[in-house]
Structure formats: structure tokens, C-alpha cells
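Below are the chains, spelled out letter by letter.
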Amino acid sequence: MITQQENALLTNTDADSPMGEMIRSHWIPFLCEHELPAADAPPQRIKLLGEDLIVFRDSNGKLGMIDEFCPHRAASLFYGRNEENGIRCIYHGWKFDVNGSCVDMPSEPASSTIRECMKIKSYPVREFAGLAWVYMGSETPAPELPRFEWMEYPASHRHMSRWQQDCNFLQALEGEVDEAHVAFLHRRLDNPQVPKESLFGSYFQEGQAPRWKILETDFGLACGARRHVKNDQPFFWRVDLFLMPFYTMIAPSDDQNSRVWRVWIPRDNESLWSICVTYRKDGPPDAAELGLWKDGVVAHRSVIPGTTTPVENKSNDYLLDRNVQREVSFTGIHGVRGQDAVVTESCGPIVDRSREHLASSDTSIVAMRNLMLRAAREVVNGVLPRTSAGGDIYKVQSYSGLHEDPTDFDHVPGVLETIGIQTRTEKQAS
Ligand code: FES
Ligand SMILES: [Fe+2]
């Protein structure tokens, strides 16, 4: 049972909160390659962890992130002019570079020295693996960037997208490691001709109540769900990964070469940014697979062009079609991610976890909450998660497979090596 105090500790990511500090100790991805501004292009607004910020690229091609509001009298620099190597405020002309230094103050006499000591809040930014990353933490120098498996493959093997979701980041993360919901929320009623291991396949219906085995690892959690299915190898395992502080890698379905990586970044306490990268290990996706990704059928969401607002959203009841709900799908809502969003948004922007009634199907969620609570409490004592150092700690992959006997996935030879797990603690077996 989570108390209201624990719920606040889990969900508050403001600058002065333990969870906010824990997340800020990691590099944070915030824009995809197709969204990056050109040199001297207009600045872009972005909110991260409750902070209003702007992103711009200077004349030398350097990307910067600074406070949206001018330190003079707080006019928004979103309306500013991206001039020669800096953003100029349109109110009195103060100009700031990507490092936050005030480089011009034309409204003051030449004898004034106020400019030299004037700074605007700025954060270090990097471009890496097709994403823009920001470090909002206090370590100097900033840690290494994280290195994930998908970053080893050429850009032609992947597709990435970003969208806004209107709920606390932890709600969405909980939906990611919730294997039990797949049999219901994503069920198809029209008997599609798909492989049994696919998300719409028969294994999820044959084993609607999975048995869990959770491992705590140096990167976070490996959440194994075992279904007893009708097969000569009757134990179907899916091992989803939660990587601190906000990443997930969900088990592959019928195609082991097709993979998904997602990140759930607090925008503020009641909304988030999701970035999804889908990729193939064996080459570029074909047109059919790319179409599924781009059209928000699986893994991604389609957004209203020019925005980060999903087409299926709360304001239009996610375009729920009751006829489709009767005959085609359990929800009547288009797209796997849209279906996830309905349930994680409809319980309110910050769900009151003290009112829940958890069951055995929620084993991975309890493990995730405990890990996040512990990390938030440790940061108060100056202890950061190992993941905050970045680097190769993230070089792992999720797993799915059929096994002959009921042995837990981590005791089957080769499985931990396939995932890439180095160190682990057995947390729970239910
Ligand atoms: S408010 Fe920006 S220069 Fe005055
Ligand atoms: Fe889902």
C-alpha cells in the first residue's frame, strides 16, 4: 500500500523535489532528429520537469537551452530574435548566448558593468544518436551520455517520434511494465491471422494471468512474465526492462529483430513527453513495417501534423468507435499506444495510489515503485543511482522466448547473457 506521502514523493519532479533531483542527475532526451532547429532559426519552447525553457541553435551551429524568461523583467524569449550567436529579447534588447551569458545590453550606458555579471539559466545540451539531450543536474563535468543497444545500428534501421501525454510520468511507466494488461486492453476480437507470440496472438489469451519473476539489476528491473500456453514448449516468457530513471524496453513479439525503446520524461507533474525509437537489428524496415510505426498502429502514436498532440486524445474520447469495440478490438480505439494512453490518462493526471487495490498481476509495478522510492530517498542522502553515470550500463535488450520447463527465465542457460545482465538481485518471485 502506497501512502499519500509516498505518492507525492513518487510523482513530484519539481526542481526542489527528491524525485526531480534524481531524474535531473541523468541526461534527458528532449527532441528527435526531425525536430531539431537549424542555425539562427526561431527558438522553440519546451517544458521539462516543470521548467519553461527555450531551445535554439546559434550561428555557429551550437544548440542551447536556456530559461524562457528574460532575467531583466521576465519577458518571454520565445518571442525573441535569434541573431548572430544569441537570442535577443524584444523588450529592451538584452542578448544571451547558448551558455547563458549576456553578450549585449544596448539599453544600458556603455560605462555600465551590469552586463558582465548577468546570466540566464542555461543547461548543457548534446546531440547524439539522432536525439538532443540536456543535462539538468549538478555534477560538473556532466556525466557520460547513455549508450543503448539501438544506437549501434545505422539511422536507416530506425524510426523515432515524440508526443505529449497528459498524465504523470510514473503512470505511463507503470503501464509499460504491466504485462497482464496485454490480454485485455490490446485484445483483438476479429481473430487476426497473426503469430501466436504477437501482441494480438493467442498466447496472451491462453495465459491471461502471468506468473512474475522480477530481477533488480544495475540498470533497473528485468520484469519477467511467464504464460502457460498450448505448445510443446509451454512456457512463454516475456521480459520487459525498466531502466532508471524513465526508460523502457518492452519484450519483442514474433519478430526478434524488431525492437522498441521508449522514454517517459516528466513535462511537469501532470504531463509527459514520450519519445519512441523502433528499430531493426537486421536492416532497414520494409514499407509495411515502417507504415505500422508511422501510422501509430504499434509502438508510436500519430500526432496532429505540426504538433506533439496525438490524433486520438482525451478531448475527442480517443476517437472511440463503439462498433469497432463490439466487433474488432477490446477498446474500439486505434493503435496500441492510444489504447495505453486511454487508461493511463483516464485515471486522472496524478492517480491517488493510496486508493488502489493491487493484486498479483501488479508485481512489476510494486517493484518499480519500490525502486523509485528508494532512489528518491537515497538522493536526499547524496547517493545517486548507478545509471546517472550513463555509458554502457544501458547496453541491454529485452527478451521473449518459449521454454520447455517452468524454470524461471534467469536460471535458463544463456538468457541473462542474451539480455546482457551483469549484476542482479532477486527481488520477488510470486
Ligand atoms: S525584459 Fe528582456 S530585455 Fe527587458
Ligand atoms: Fe499496453
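Residues numbered from 1 in each chain as written. Chains lettered and ligands numbered in written order. Predicted model: local features only at pLDDT ≥ 70, side-chain atom pairs only at ≥ 80, totals over all residues. Heavy atoms only, no water.

Turning our eyes to something else, we now look at the pairing of strand 15 (residues 235-243). Counting buried positions along strand 15 gives 9 out of 9 residues, so the element sits mostly inside the fold. Here strand 15 shows two buried faces, one formed by Phe 235, Trp 237, Val 239, Leu 241 and Leu 243 and the other by Phe 236, Arg 238, Asp 240 and Phe 242. Hairpin connection, strand 14 (residues 220-228) to strand 15: the antiparallel pair is bridged by 6 residues. Sheet topology places strand 15 next to strand 19 (residues 399-403); 5 bridges connect them, and they run antiparallel. Its bridge partner lying in strand 19, Arg 238 is registered against Ser 400. Two elements, strand 15 and strand 16 (residues 247-249), share 3 bridges in a ladder whose sense is antiparallel. Bridge pairing in strand 16 links Leu 243 to Tyr 247. Hairpin connection, strand 15 to strand 16: the antiparallel pair is bridged by 3 residues. (Buried < 20%, exposed > 50% of the residue type's maximum accessible area, 1.4 Å probe, protein only. Helix = DSSP H or I, 4+ residues; strand = E, 2+ residues; numbered from the N terminus. Pairing = 2+ DSSP bridges.)

A separate point is the coordination of the iron ion (ligand 2). Distances from the iron ion (ligand 2) to its protein donors, namely His 181 (NE2), His 186 (NE2), Asp 340 (OD) and Asp 340 (OD), fall within the range 2.0 to 2.7 Å. Ordering the donors of the iron ion (ligand 2) by residue number gives the pattern H-x4-H-x153-D. One end of the pair, His 186, is in the loop between helix 4 (182-185) and helix 5 (203-206); the other, Asp 340, is in helix 8 (residues 336-346), and 154 residues separate them in sequence. Under the relative-accessibility criterion, His 186 is labelled buried at 2%. (Donors = N, O, S within 2.8 Å, 3.2 Å for Na, K, Ca; no water.)

For the rest of this paragraph, the subject is the packing of aromatic side chains. In this structure the tally under the stated criterion is 15 aromatic pairs. Where Trp 27 meets Tyr 135, the ring centres are 5.7 Å apart and the plane angle is 45 degrees; that geometry is what we call tilted. Here Trp 27 is found in strand 1 (residues 27-32), whereas its partner Tyr 135 is found in strand 11 (residues 131-135), with 108 residues between them in sequence. One exposure class covers both Trp 27 and Tyr 135, and it is buried. Ring geometry for Phe 78 versus Tyr 79: centroids 5.2 Å apart, planes at 80 degrees, classification edge-to-face. Phe 78 sits in the partly exposed class, given a relative accessible area of 27%. Taken together through their ring pairs, the aromatic side chains of Phe 148, Trp 150, Phe 246, Tyr 247, Trp 261 and Tyr 394 make up a single cluster. Directly above the ring of Phe 78 sits Arg 45, whose terminal nitrogen or CZ lies 3.8 Å from the centroid. Arg 188 extends its terminal NZ or CZ atom over the ring of Phe 200, reaching a point 5.2 Å from the ring centre. (Phe/Tyr/Trp six-rings, centres within 6.5 Å; stacked < 30°, edge-to-face > 60°. Lys NZ or Arg CZ within 6 Å of the ring centre and 35° of its normal.)

The full count for this structure, using the stated rule, is 3 cavities of 30 Å³ or more. Every residue lining the largest cavity is listed: Gln 165, Ala 172, Gly 175, Glu 176, Trp 264, Arg 301, Arg 337, Asp 340, Ala 341 and Thr 344. At the level of elements, helix 3 (169-176) and helix 8 are the ones that each hand at least two residues to the lining of the largest cavity. Ranked by residues supplied to the lining of the largest cavity, first place goes to helix 8 with 4 residues. For the lining of the largest cavity, the per-class residue count stands at 3 nonpolar, 3 polar and 4 charged. The computed volume of the second largest cavity comes to approximately 40 Å³. Forming the boundary of the second largest cavity are Ser 25, His 26, Trp 27, Glu 144, Pro 146, Tyr 247, Thr 387, Ser 388, Gly 390 and Tyr 394. Tallied by class, the residues present in the lining of the second largest cavity amount to 4 nonpolar, 5 polar and 1 charged. (1 Å grid on protein atoms, 1.4 Å probe; cavity = no way out; pocket = protein on both sides within 12 Å on 5 of 7 lines; lining within 4 Å. Points joined across faces, edges and corners; volume = space filled by probe spheres on them. Nonpolar A, V, L, I, M, F, W, Y, C, P; charged D, E, K, R; others polar.)

Another aspect to go through is the domain arrangement of the protein. Partitioning the protein into structural domains gives domain 1 (28-135) and domain 2 (149-429). Centre-to-centre separation of domain 1 and domain 2, based on C-alpha positions: 35 Å. Residue-level contacts link 18 residues of domain 1 with 17 residues of domain 2. With both chains or domains summed, domain 1 and domain 2 bury close to 1,400 Å², and 67% of this area falls on carbon and sulfur atoms. Together, Pro 29, Lys 47 and Ala 129 form the three largest contributors to the area buried by domain 1 at its contact with domain 2, with a combined 31%. Counting across the interface, domain 1 meets domain 2 through 3 salt bridges. The shortest N-O distance in the salt bridge between Lys 47 and Asp 268 comes to 3.8 Å. (Domains from an automatic or database assignment. Contact = heavy atoms within 4.5 Å. Buried area = accessible area lost by both parts, 1.4 Å probe. Salt bridge = Lys/Arg side-chain N within 4 Å of Asp/Glu carboxyl O.)

What follows concerns the sheet that holds strand 10 (residues 125-128). What the 3 strands build is an open sheet, ordered 1-11-10; its pairing is antiparallel. If you trace the sheet from one side to the other, it starts and ends with strand 1 and strand 10, each paired once. Here the strands of the sheet are splayed against their neighbours by 30 degrees on average, with no regard to which way each runs. Bridge count between strand 10 and strand 11: 4 bridges; the pairing is antiparallel. From the neighbouring strand, Val 125 faces strand 11, where its bridge partner is Val 134. (Axes fitted to C-alpha atoms, helices over the stretch in contact; angles between N-to-C directions.)

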